[in-house]
Amino acid sequence: MNKAILLANRPVGKPAESDFKFEDIDMPEAKDGEVLLKTTYVSVDPYLRGRMSDAKSYVPPFELNEPMSSAIIAEVTASNNQDFKAGDYVTAGLAWKLYQTSNGQGLTKVDPSVGLSAYLGVLGMTGLTALMGLQEIGKPKTGETLVVSGAAGAVGSIVGQIGKILGCKVIGIAGSDEKTALLKSKFGFDEAINYKTTKNMQEAIAAAAPDGVDIYFDNVGGDISDAVIFNMNKWGRIAICGTISSYNDTEASQGPRLQPYILKNSMLMQGFIVSNYAEKFPEGVKQLSDWLKAGKLQHAETIVDGFEQIPQAFMDLFEGKNEGKMVVKI
Ligand code: NDP
């Protein structure tokens, strides 16, 4: 039995179940030089929303009626490739299929003793995004104040903890009281603000950051970001990591104009794609795993069971149903 999940429609606004199609497909066989892979964990990520649209971006759109893909952990169940043996676990960008073959290109072996799903989160793309964006654009200094939006998610929860390791005061913004409690109890944030119940975000941030904000790690964009940016200090740095609040918009939104404020305060605002820093990934993964082993980094995961749950788990990212990294276990 083999199955795939295809893109059935390009969503208008929020993605819906009808935008995905399940298909029974043939069971592949590993030819010479190939391995047979059994999917064990699938990463669902907000950026996949962009790939469901037919818009120019840094990654090409998914094709209609073709399998979707994301970062996956797979078990090698048969191998005709000398670099891999049955029982190895690997990670790569792979198709949403139960089984598929690969010629080995782009597959990275992972160590199951660390916990396989960690390679889709803290030791994978989202952990590296947190580290690279904060280090390369935020450039934190001891004693500075860092604000993180989307703080209880996969990227945000790691950003805040790295900020603490580097000696910053850290304020997190998230969408429920459970999440703000978690930010303080599990991840060691100094302050946490629930944006869904706070009437005046600009005032709430000013109260949490009496010395002003030096670094803003932005995962969400929109009104939340406007409220943070108007609290920023001279020489402030803004790392634009994501703008999930607008991913399902059907028209361009028009917010307050921030440019005069950014100019008057000599601030730096820079967007980034984690792959900009690909040459730094090996040292980044080493740093993240050292912190993890030393107990300095905690990571949370929301693990959903079952291949058929992949679309729902993805759609739930836009409802904030995850704490930490959203992963589907097959
Ligand atoms: P998360 O684990 O943070 O999951 C998404 C979270 O976003 C939800 O849990 C929800 O939390 C929050 N959210 C959803 N809708 C809204 C909204 N309208 N306004 C405010 N918050 C919302 O995902 P990731 O950690 O994987 O990604 C975080 C961000 O980083 C995304 O924008 C993503 O696109 C971006 N990203 C960018 C990369 C890059 O290379 N630049 C690489 C990886 C991710 P809540 O309950 O708090 O609302």
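About the cut-offs
Residues numbered from 1 in each chain as written. Predicted model: local features only at pLDDT ≥ 70, side-chain atom pairs only at ≥ 80, totals over all residues. Heavy atoms only, no water. Near = heavy atom within 4 Å. Polar contact = N/O pair within 3.5 Å; in protein donor to acceptor, adjacent residues only side chain to side chain. Areas by Shrake-Rupley, 256 points an atom, 1.4 Å probe, with all protein chains shown as cover. Helix = DSSP H or I, 4+ residues; strand = E, 2+ residues; numbered from the N terminus. Nonpolar A, V, L, I, M, F, W, Y, C, P; charged D, E, K, R; others polar. Domains from an automatic or database assignment. Pairing = 2+ DSSP bridges. Axes fitted to C-alpha atoms, helices over the stretch in contact; angles between N-to-C directions. Contact = heavy atoms within 4.5 Å. Expected span 1.5 Å × (residues − 1). Buried < 20%, exposed > 50% of the residue type's maximum accessible area, 1.4 Å probe, protein only. Buried area = accessible area lost by both parts, 1.4 Å probe. Salt bridge = Lys/Arg side-chain N within 4 Å of Asp/Glu carboxyl O. Parallel < 35°, antiparallel > 145°, perpendicular 65-115°, else oblique. Left-handed = near helix turned anticlockwise from the far one by under 90°.

- As annotated in an unreviewed UniProt entry, the chain is NADP-dependent oxidoreductase YfmJ from Pedobacter quisquiliarum.

### Details of the site of the ligand
And step 1. Close contacts around the ligand come from 28 residues, with K179, Y195, Y247, V274 and N322 the closest.
And step 2. Note that an oxygen atom of the ligand is positioned 2.8 Å from one of the backbone N or O atoms of A154.
And step 3. Interatomic distance of 2.8 Å between a backbone N/O atom of F272 and a nitrogen atom of the ligand.
And step 4. Here the ligand loses 91% of its free accessible area of 910 Å² to cover by the protein chains.
And step 5. Breaking the shell around the ligand down by element, the ones donating at least two residues are α2 (125-138) and α3 (154-165).
And step 6. Here the shell around the ligand takes three residues from α2, the largest share from any one element.
And step 7. Among the residues making up the shell around the ligand, the classes are represented as 16 nonpolar, eleven polar and one charged.
And step 8. A domain-level breakdown of the shell around the ligand finds at least three residues from each of domain 1 (2-121 + 300-329) and domain 2 (125-275).

### Quick look at the sheet that holds strand β13 (residues 268-271)
Sheet strands pair via backbone hydrogen bonds, and the direction of the pair is either parallel or antiparallel.
And step 1. Ordered in space as β10-β9-β8-β11-β12-β13, the six strands form an open sheet in which the pairing is parallel. For this open sheet the edge positions go to β10 (191-194) and β13, each flanked by a neighbour on one side alone. Ignoring strand direction, the axes of neighbouring strands in this sheet form an average angle of 15°.
And step 2. In this sheet, strand β12 (residues 232-240) lies alongside strand β11 (residues 213-218) in parallel orientation, the contact comprising five bridges. Bridging from a neighbouring strand, Y216 pairs with I238 of β12.
And step 3. In the packing of helix α6 (residues 222-229) onto the sheet, the strands contacted are β8 (145-149), β9 (169-174), β11, β12 and β13, and the crossing angle to β11 comes to about 165°.

### Points about α2
The α-helix winds at 3.6 residues per turn, so residues separated by three or four positions along the chain end up facing the same way.
And step 1. Between its terminal C-alpha atoms α2 stretches 18 Å, which fits the 20 Å expected from 14 residues at 1.5 Å a residue.
And step 2. Burial of α2 is extensive: eleven of the 14 residues sit out of reach of the surface.
And step 3. Taken residue by residue, α2 has T126, G127, L128, T129, A130, L131, M132, G133, L134, I137 and G138 as its buried positions.
And step 4. Immediately beyond the C-terminal end of α2, within one or two residues, lies K139, with a positive phi of roughly 40°.

### Observations regarding the environment of Q135
And step 1. Counting through the fold element by element, Q135 comes out in helix α2.
And step 2. Distance in space between the C-alpha atoms of Q135 and G163 is 9.4 Å, their sequence separation being 28 residues.

### Examining the domain arrangement of the chain
And step 1. Once the domains are mapped, the chain shows domain 1 (2-121 + 300-329) and domain 2 (125-275).
And step 2. Using C-alpha coordinates to define each centre, domain 1 is positioned 29 Å away from domain 2.
And step 3. The junction of domain 1 with domain 2 conceals about 1,400 Å² of combined surface from both sides, 61% of it contributed by carbon and sulfur atoms.
And step 4. Where domain 1 touches domain 2, the interface holds zero salt bridges.
And step 5. At the boundary of domain 1 with domain 2, the tally comes to six residue pairs in polar contact (both at pLDDT 80 or more).
And step 6. A per-class count over the side of domain 1 that touches domain 2 returns nine nonpolar, five polar and six charged.

### Considering the packing of α2 against helix α8 (residues 281-293)
And step 1. Between α2 and α8, whose axes approach to 10 Å, the crossing angle comes to 100°. It follows that α2 is roughly perpendicular to α8 by the angle criterion. Contacts from G127, L128, L131 and M132 of α2 reach α8 at F281, G284, V285, Q287, L288 and W291.
And step 2. Partitioned by chemical class, the residues of the contact of α2 with α8 number seven nonpolar, three polar and no charged.

### Details of the packing of α2 against α3
And step 1. Where α2 contacts α3, the two axes come as close as 8 Å, and the packing angle between them is 45°. As summarised for this structure, α2 and α3 are arranged oblique, according to the angle between their axes. Relative to α3, α2 is oriented so that their crossing is right-handed. Residues T126, G127, T129, A130, L131 and L134 of α2 form the contact with α3, whose participating residues are A154, V155, I158, V159, I162 and G163.
And step 2. Residues belonging to the contact of α2 with α3 are distributed by class as follows: eight nonpolar, four polar and no charged.

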